[in-house]
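# Descriptive structure summary
One-letter residues, chain by chain:
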Amino acid sequence: MDENTYQDLTSWLKLVRAPGLTLHHAHQLLSKFSHPENILSQSKNYLIAKGLHNRTIEYLHGKNQKQIDLDIQWIDAKHNHFIHIFHADFPYLLKQISNPPLALFVSGRLESLNKPQIAVIGSRKSTPGGKRIAYDFAKELGECGITITSGLATGIDTSAHKGALCSSSGTYAVMGNGLDMVYPKSNLSLANEIAESGLLISEFPLNTRPLPYHFPRRNRIISGLSLGVLVVEASLKSGSLITANLAAEQGREVFAIPGSILNPMAEGCNKLISNGVKLSTKVEDIIEEVPCLQKIIINYEETMRISQVDNETLDEQVKLLLDNIGYEPVSFDEIISSSGIPVKKLRILLPKLELEELIQSTPGGGYIKR
């Protein structure tokens, strides 16, 4: 990491970690000074005049380098990322909400945080039927090319993540603590699995414990990242209703699965529906309500079709190649002549088949079957 990158990260991390600094004040200062380094250079009197507390200013002007260096060490590790609000990879939809995070800590395979997402959320104390619905909806939406976002909690969140992992679109888990720990601990293996093919996301820096008031903040990110929010099961006091309300305020579509009037875990969903939220019994109910999803699905299906054709073509070329390599050495030029496979494609296929131990190279530069 070069010195400029190190200094840039240091200034952003100081801003994110500054005690007592509200998002409102931070965004005001960033809009005026454009970069945290310019904020750090302001005088104590100026920052007091802008409404900052003494302890906040002391932190911004202090060294505090030990924890910052630990943060940078984590960020520098493979598959870990720090994405501030001015970064090109910061999610476009999340930037549009009224109080976006200053930055995101992200762990996993970062292709794009701007993938089309639907949040699937619900009660921690869910019923077996609710878990099955969450799993099935997440899996089917994932098979349509839609990434599933949830909060890694027990119950509905867990089932949604697991269903999404069975599709090719992956899943994002937004957490209410630092990414150097997993909460709840029972979902440690699930979190590791999500990081392999999707993303773990948090606005909270490392060593931040999962305190109760962190989760409403976490919830606004779940809805803010998503085109819509599906509530599967929720009691009347469920935090999922907070997320649904946040989604509505952010201009997102909200959907709810109806349930029995005898099921207390369905009361929240039934109330949402009575208040005008879209009743959903199948994936199509969601897709038809979010027009851009229809185009996304068409593009995804076309991509998958092309990929399937490409794989079928590749399989045919592999078979043709193996048909033209026997148990006597055959040269590269002879393979070209007999198979008709283009040189560029042959230079890709031959090493691939060697790695798969279907053929092996000979000392004279030829190839034989194994």
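Note that the structure is a prediction, hence the values are computed from the model and not measured.

Moving on, we get to the overall build of the protein chain. On a plain count of helices and strands, the protein chain comes out with 17 helices and 11 strands. Its C-alpha atoms give the protein chain principal-axis dimensions of about 80 × 60 × 35 Å. Every one of the 370 residues in the protein chain was classed for burial, and the buried ones make up 49%. Here the analysis covers contacts within the protein chain between residues at least 6 apart in sequence; of these, 70% occur between residues at least 24 apart. Taken as two groups, the 37 positive and 39 negative side-chain charges of the protein chain have centres that lie 9 Å from each other.

Here we take up the sheet that holds strand β9 (residues 278-279). Strand order in the open sheet made by the 9 strands is β1-β2-β6-β5-β4-β3-β7-β8-β9, with mixed pairing throughout. Only two strands of the sheet have a single neighbouring strand rather than two, namely β1 (80-84) and β9. Pairing geometry for strand β8 (residues 253-256) and β9, over 2 bridges, is parallel. Paired with Ala256 across the two strands is Leu279, which belongs to β9.

Looking now at unusual backbone geometry. Residue Pro184 is reached from Tyr183 by a cis peptide bond, and omega for that bond is -5°. Take Pro184: it is sitting in the loop between β5 (171-174) and α10 (188-197). Its identity is not glycine, yet His79 carries a phi of approximately 70°, on the positive side. Along the polypeptide, His79 turns up in the loop between α6 (65-75) and β1.

Next up on the list: the pairing of strand β4 (residues 147-150). Burial along β4 is two-sided: the face carrying Thr147 and Thr149 and the face carrying Ile148 and Ser150 are both buried. Looking at chain direction, strand β3 (residues 117-121) and β4 are connected through 3 bridges and run parallel. Along β4, the bridge assignment pairs Ala119 with Thr149. Traced from β3 through helix α8 (residues 128-143) to β4, the parallel crossover comes out right-handed. Relative to β5, β4 runs parallel, the two being bridged by 3 bridges. Bridged to Thr149 within β5 is Tyr172. Note on the crossover from β4 through helix α9 (residues 156-165) to β5: the handedness is right-handed.

Attention shifts here to the pairing of β5. Burial along β5 is two-sided: Thr171 and Ala173 and Tyr172 and Val174, pointing in opposite directions, are all buried. The pairing of β5 with strand β6 (residues 199-202) spans 3 bridges and is classified as parallel. Bridge pairing links Ala173 to Leu200 in β6. Handedness of the β5-α10-β6 crossover: right-handed.

Two elements in contact, helix α16 (residues 332-339) and helix α17 (residues 343-355), have axes whose closest approach is 11 Å; the angle formed by their N-to-C orientations is 115°. The two elements α16 and α17 meet at a crossing, and its hand is right-handed. The segment α16 lies against α17, with Phe332, Ile335 and Ile336 engaging Val343, Leu346, Arg347 and Leu350. Of the residues that constitute the contact of α16 with α17, the class distribution is 6 nonpolar, no polar and 1 charged.

Right, let's talk about the pattern of salt bridges for a bit. Using the criterion set out here, one finds 8 salt bridges in the structure. A salt bridge links Arg217 to Glu203, with the nearest nitrogen and oxygen atoms 3.1 Å apart. Taken together, the residues span a long stretch of sequence, with Arg217 in helix α11 (residues 214-225) and Glu203 in the loop between β6 and α11 at a distance of 14 residues. Among the residues examined, Glu203 registers a relative accessible area of 7% and is labelled buried.

For the rest of this paragraph, the subject is the nonpolar core. In this structure, Phe82 and Ile201 are the most contacted members of the largest nonpolar core, which totals 68 residues. Not counting the four nearest positions on each side in its chain, Ile201 is found in contact with Leu104, Phe105, Val106, Leu113, Tyr172, Ala173, Val174, Met175, Leu179 and Leu225. Ala160, Leu230, Val283 and Val290 belong to the second-largest nonpolar core, a separate cluster that totals 22 residues.

A few words now on the packing of aromatic side chains. Given two aromatic rings, one states the distance between the centres and the angle between the planes to describe the pair. If you walk through the whole model with that rule in mind, you get 5 aromatic pairs. When the centroid spacing of 5.8 Å and the interplanar angle of 75° are considered together, the rings of Phe33 and Tyr46 count as edge-to-face. Taken together, the residues Phe33 in helix α2 (residues 23-33) and Tyr46 in helix α4 (residues 44-49) connect sequence positions 13 residues apart. A relative accessible area of 23% means that Tyr46 is categorised as partly exposed. Pairwise contacts between aromatic rings join Trp74, Phe82 and Phe105 into one cluster. Sitting over the ring of Phe33, Lys32 keeps its end group 5.7 Å from the ring centre.

We now examine α10. Buried residues of α10: Leu190, Ala191, Ile194 and Ala195, and no others. One side of α10 carries all its buried residues, which in axial view fall inside an arc of 140°. Turned more than 90 degrees off the buried face of α10, the exposed positions are Ser189 and Glu196. Where the residues of α10 are buried, they touch β2 (103-108), α9, β5 and β6.

With respect to the helices and strands, the residue Ser169 is situated in the loop between α9 and β5. Within the structure, the side chain of Ser169 is placed 2.5 Å from the backbone oxygen of Gly142, a separation counted as a polar contact.

Criteria and thresholds
Residues numbered from 1 in each chain as written. Predicted model: local features only at pLDDT ≥ 70, side-chain atom pairs only at ≥ 80, totals over all residues. Heavy atoms only, no water. Helix = DSSP H or I, 4+ residues; strand = E, 2+ residues; numbered from the N terminus. Buried < 20%, exposed > 50% of the residue type's maximum accessible area, 1.4 Å probe, protein only. Contact = heavy atoms within 4.5 Å. Lys, Arg positive; Asp, Glu negative; His and termini not counted. Charge placed at Lys NZ, Arg CZ, Asp CG, Glu CD. Pairing = 2+ DSSP bridges. Right-handed = clockwise from strand over helix to strand, strands pointing away. Axes fitted to C-alpha atoms, helices over the stretch in contact; angles between N-to-C directions. Left-handed = near helix turned anticlockwise from the far one by under 90°. Nonpolar A, V, L, I, M, F, W, Y, C, P; charged D, E, K, R; others polar. Salt bridge = Lys/Arg side-chain N within 4 Å of Asp/Glu carboxyl O. Core = buried A, V, L, I, M, F, W, Y, C linked by side-chain atoms within 4.5 Å. Phe/Tyr/Trp six-rings, centres within 6.5 Å; stacked < 30°, edge-to-face > 60°. Lys NZ or Arg CZ within 6 Å of the ring centre and 35° of its normal. Arc of directions from axis to C-beta. Polar contact = N/O pair within 3.5 Å; in protein donor to acceptor, adjacent residues only side chain to side chain.

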